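# A look at the structure
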Amino acid sequence: MAGYAARVQEIQQHAERSQEQIKTLRARAESPDGTVRVVLAPGGRLEDLTLSPQALRLGHDRLAAAIKQTVQAAHADAARQTQAALQPLLGQSAAMEFLAEQLDTGLAEEQAENAPRRRAGGSDDGDEDGGFGGPFLRRS
């Protein structure tokens, strides 16, 4: 009976540590060119978004894509941290495999949703012309 009580105590301690790690988890990511940095709080809430002065030169389409890709990278970081926090509690179990599968599926769906798309009749090169074939606020 003493061995059982000790095992229950150990599991409870692992659960408390895992819970605390997840509560304080902060996922961070930076775009490859360093123009966008994000920090996500638990639950995926955007806690901080930093744009470098160079980010404004990307154009609205490329900047939006860079932000989405950087947030996606932070979500992947959060998934890795969550798995690491739960590993001592769940071990190599069916529950851990299910969690990993769900996180991987969620990340794959997010990647598909955030894949760059070309505008009809336009390009996705970040130009500021709004897809109208030329600058609509500038006069030549």
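Looking at an unreviewed UniProt entry, the protein carries the name YbaB/EbfC family nucleoid-associated protein, with the source organism given as Amycolatopsis rhizosphaerae.

## With respect to the sheet that holds strand 3 (residues 46–51)
In spatial order, the strands read 1-2-3; together these three strands make up an open sheet with antiparallel pairing. Each edge of the open sheet carries a strand with a single partner, namely strand 1 (27–30) and strand 3. Shown here is a sheet whose adjacent strand axes are inclined to one another by a mean of 10 degrees, direction ignored. The pairing of strand 2 (residues 36–40) with strand 3 spans five bridges and is classified as antiparallel. Residue pairing for strand 3: Val 36 is matched across the bridge by Leu 51.

## Points about a nonpolar patch on the surface
A surface patch of nonpolar side chains, amounting to about 360 Å² of accessible area, comprises Leu 46, Leu 49, Leu 51 and Leu 56. Tracing the backbone shows Leu 56 in the loop between strand 3 and helix 2 (60–90). Judged by its relative accessible area of 63%, Leu 56 is exposed.

## Here we look at the confidence of the model for the protein
Here the protein averages 77 in pLDDT, and 76% of its residues register 70 or above. Note that residues 118–140 has pLDDT below 50 and, in this model, 27 contacts with residues that lie over four places away or in other chains.

## Some words on the packing of helix 1 (residues 2–23) against helix 2
Between helix 1 and helix 2, the least distance of the axes is 8 Å, while the angle of their chain directions is 170 degrees. When the interaxial angle is binned, helix 1 and helix 2 end up roughly antiparallel. For the pair formed by helix 1 and helix 2, the contact residues are Ile 11, His 14, Ala 15, Ser 18, Gln 21 and Ile 22 on the first element and Thr 82, Ala 85, Leu 86, Pro 88 and Leu 89 on the second. The residue makeup of the contact of helix 1 with helix 2, split by class, is seven nonpolar, four polar and no charged.

Analysis parameters
Residues numbered from 1 in each chain as written. Predicted model: local features only at pLDDT ≥ 70, side-chain atom pairs only at ≥ 80, totals over all residues. Heavy atoms only, no water. Pairing = 2+ DSSP bridges. Helix = DSSP H or I, 4+ residues; strand = E, 2+ residues; numbered from the N terminus. Axes fitted to C-alpha atoms, helices over the stretch in contact; angles between N-to-C directions. Patch = residues over 30% accessible without salt bridge, like charges linked within 9 Å, V, L, I, M, F, W, Y side chains within 5 Å. Areas by Shrake-Rupley, 256 points an atom, 1.4 Å probe, with all protein chains shown as cover. Salt bridge = Lys/Arg side-chain N within 4 Å of Asp/Glu carboxyl O. Buried < 20%, exposed > 50% of the residue type's maximum accessible area, 1.4 Å probe, protein only. pLDDT = per-residue confidence, 0-100. Contact = heavy atoms within 4.5 Å. Parallel < 35°, antiparallel > 145°, perpendicular 65-115°, else oblique. Nonpolar A, V, L, I, M, F, W, Y, C, P; charged D, E, K, R; others polar.

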